[in-house]
Amino acid sequence: MPRRPVTALSRSQARRVALAAQGFRDPRHTVATMRTFTRTLARTAVLQIDSVNVLQRAHFMPLFSRMGPYDTELLRRASERPPRRVVEYWAHVAAFMPVELWPHMRHRMQAYRVEGHEWVGLPERRELVASLLAEIAERGASTARELDDGLPRSREHWGWNWSETKRVLEYLFLAGELAVAGRTPQFERRYDLPERVLPRGLLDAPVPSVEEASRELLRRAAVAHGVGTAHDLRDYFRMRPELARPALATLVADGELLPVRVEGWDRPAYLHREARLPRSVDARALLSPFDPVVWERARTERLFDFRYRIEIYVPAPKRVHGYYVLPFLLGDRVVGRVDLRADRRTRTLHVLGSFAEPGAPSGTAVELAEELRALAGWLDLDATVVRRHGDLAPALELAVTAQDG
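None of the values given here were measured: they were computed from a predicted structure. (Residues numbered from 1 in each chain as written. Predicted model: local features only at pLDDT ≥ 70, side-chain atom pairs only at ≥ 80, totals over all residues. Heavy atoms only, no water.)

Draft legend 1. Region of the structure containing the sheet that holds strand S10 (residues 283–286). With respect to topology, 5 strands assemble into an open sheet ordered S10-S11-S12-S13-S14, the strand pairing being mixed. This sheet does not close on itself; its edge strands, each paired only once, are S10 and strand S14 (383–386). Across the sheet, the axes of successive neighbouring strands diverge by a mean angle of 30°, strand direction being ignored. Where strand S12 (residues 333–343) and strand S13 (residues 348–356) come together, 8 bridges link them in antiparallel fashion. Among the inter-strand pairings, Val338 is bridged to a residue of S13, identified as Ser354. Where helix H16 (residues 393–404) meets the sheet, its contacts fall on S13 and S14, and the angle it forms with S14 comes to roughly 155°. (Pairing = 2+ DSSP bridges. Helix = DSSP H or I, 4+ residues; strand = E, 2+ residues; numbered from the N terminus. Axes fitted to C-alpha atoms, helices over the stretch in contact; angles between N-to-C directions. Contact = heavy atoms within 4.5 Å.)

Here is the structure:
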């Protein structure tokens, strides 16, 4: 950071701050280790979870974008084996977060516990809550399917079914009465008692006040973003405005956040005092639709002049770019996007569409082909096939073919 106080940033400077904060200037190790994973998690703060698996599960992708090809067992070890480094909770949305944030989510858990939920609003549902907790205490980590098959209950009397069991388990998860011990190969949560998932010392630690927890969450958001508006920072952990506002004011008063103006932004921004402002960022990465760099679409547009919308839920004939489209980051700019699908049966990475952004450099196709080759290798795919859809497709097809030659 410059020695003199920063009061204004150009859009380019803001991009470099944001990308450095997210770890895109960290050196990639030849072989990623748990230390590499821990460093990367410190940059992203959370890893959003999503069930779509046409390419790779969402929580694995931000690690690849920053660390390069890595053994996905690193994340499984970190989330499923002692000493656990991450745990699932509704942090951004469903996400892996560092285990030490569990106490800072207690106020959210308490709100669910006290206010209840429509899923457990009737007396019979409270009996189901007690029954599920007792069953898990006895049998250990279990999926909703296993519990639904095993619970001795009368369907005729209460009409319980799998979906109702799942709803109550999700309520208990939100309320902190259950934690997630891991996932099955079918991506089902395995619920267990928190004391069998989290370190005892963490569960026995003093519970931060709502104000303390809010400041810590906003602080971590600011570290992860580097620079952002009040809304950007609040959105990172999906904080309520009435909790984020006083936390922001305190962090500004304490000098942790520095008010700045960013070129082209119509709202005040806040720069974390330890954020780096590098002269350049030499990144090359495919970004998941759920990557922190792009998950807040308005911020993405402000930073990169890149309009991005996920089209998974758009009917196929109305899609502009495709079903599962990943932005391509080159240097400090988003220069293109590709619609990707992994066919594991034929071990092929399909590029269903490829599109260049205005002003993309001439070497975009070659750089993208290199990144696709790394992605295919990481996913254990043998071939990359480029469909001629999109203005970048002809050049990308040539670049991929040249690699094979």
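Draft legend 2. Expanded view of helix H11 (residues 210–225). Spanning 16 residues, H11 covers 22 Å between terminal C-alpha atoms, matching the ideal 22 Å at 1.5 Å per step. With its phi angle positive at about 80°, Gly226 sits one or two positions after the end of H11. (Expected span 1.5 Å × (residues − 1).)

Draft legend 3. Structural detail: the pairing of strand S3 (residues 86–90). With 4 of its 5 residues buried, S3 lies for the most part within the structure. Both S3 and strand S4 (residues 94–98) contribute to a ladder of 5 bridges, which runs antiparallel. The residue bridging Glu88 from the neighbouring strand is Phe96, located in S4. With antiparallel pairing between neighbouring strands as the criterion, S3 and S4 make up a hairpin whose turn holds 3 residues. (Buried < 20%, exposed > 50% of the residue type's maximum accessible area, 1.4 Å probe, protein only.)

Draft legend 4. Fine view of the packing of aromatic side chains. Following the criterion strictly, the structure yields 7 aromatic pairs and no others. Each ring, one from Phe64 and one from Trp378, has its centre 4.6 Å from the other, and the planes form 10°; the classification is stacked. In this pair, Phe64 is assigned in helix H3 (residues 61–67) and Trp378 in helix H15 (residues 364–378), connecting sequence segments 314 residues apart. Across the pair, exposure class does not vary: Phe64 and Trp378 are buried alike. Aromatic rings pair up to connect Phe64, Tyr70 and Trp378 into one cluster. In this structure, Arg183 packs its charged tip against the face of Phe187, placed 4.2 Å from the ring centre. The lysine or arginine in question, Arg302, covers the ring of Trp265, its NZ or CZ lying 4.6 Å from the ring centre. (Phe/Tyr/Trp six-rings, centres within 6.5 Å; stacked < 30°, edge-to-face > 60°. Lys NZ or Arg CZ within 6 Å of the ring centre and 35° of its normal.)

Draft legend 5. Structural context of the side chain of His350. Tracing the backbone through its elements, the reader meets His350 in strand S13. Here His350 falls in the buried class, since its relative accessible area comes to 18%. Beyond its immediate sequence surroundings of up to four residues, His350 is in contact with Asp339, Leu340, Arg341, Asp343 and Val385.

Draft legend 6. Region of the structure containing the sheet that holds S4. Across the sheet, which stays open at both edges, the 3 strands sit in the order S2-S4-S3 with antiparallel pairing between neighbours. Looking at which strands have only one partner, the edges of the open sheet turn out to be strand S2 (47–48) and S3.

Draft legend 7. Just the packing of helix H1 (residues 11–21) against helix H14 (residues 297–304), in detail. Packing of H1 against H14 brings their axes to within 8 Å, and their N-to-C directions diverge by 125°. Between H1 and H14, the angle is such that the two are oblique. Residues Arg11, Ala14, Arg15, Ala18 and Leu19 of H1 form the contact with H14, whose participating residues are Arg299, Arg302, Leu303 and Phe304. Of the residues assigned to the contact of H1 with H14, the class counts are 5 nonpolar, no polar and 4 charged. (Parallel < 35°, antiparallel > 145°, perpendicular 65-115°, else oblique. Nonpolar A, V, L, I, M, F, W, Y, C, P; charged D, E, K, R; others polar.)

Draft legend 8. Focus on the side chain of Arg302. Take Arg302: it is sitting in helix H14. One polar contact links Arg302 to Asp232, side chain to side chain, over a distance of 2.8 Å. For Arg302, the residues in contact, after removing those within four places along its chain, are Arg11, Thr229, Asp232, Trp265 and Glu296. (Polar contact = N/O pair within 3.5 Å; in protein donor to acceptor, adjacent residues only side chain to side chain.)

Draft legend 9. View of the pattern of salt bridges. For the structure on display, the rule yields 30 salt bridges. Of the charged contacts in the structure, one is a salt bridge between Lys166 and Glu170, with a shortest N-O distance of 3.4 Å. Within this pair, Lys166 and its partner Glu170 are both found in helix H9 (residues 162–174), separated by 4 residues, close to a single helical turn. For Lys166, a relative accessible area of 21% translates into the label partly exposed. A salt bridge links Arg347 to Asp382; its shortest N-O distance comes to 2.7 Å. With Arg347 in the loop between S12 and S13 and Asp382 in the loop between H15 and S14, this residue pair connects regions lying 35 residues apart in the sequence. Residue Arg347 is classed as partly exposed on the basis of its relative accessible area of 33%. (Salt bridge = Lys/Arg side-chain N within 4 Å of Asp/Glu carboxyl O.)

That's the geometry; what it means functionally is another story.
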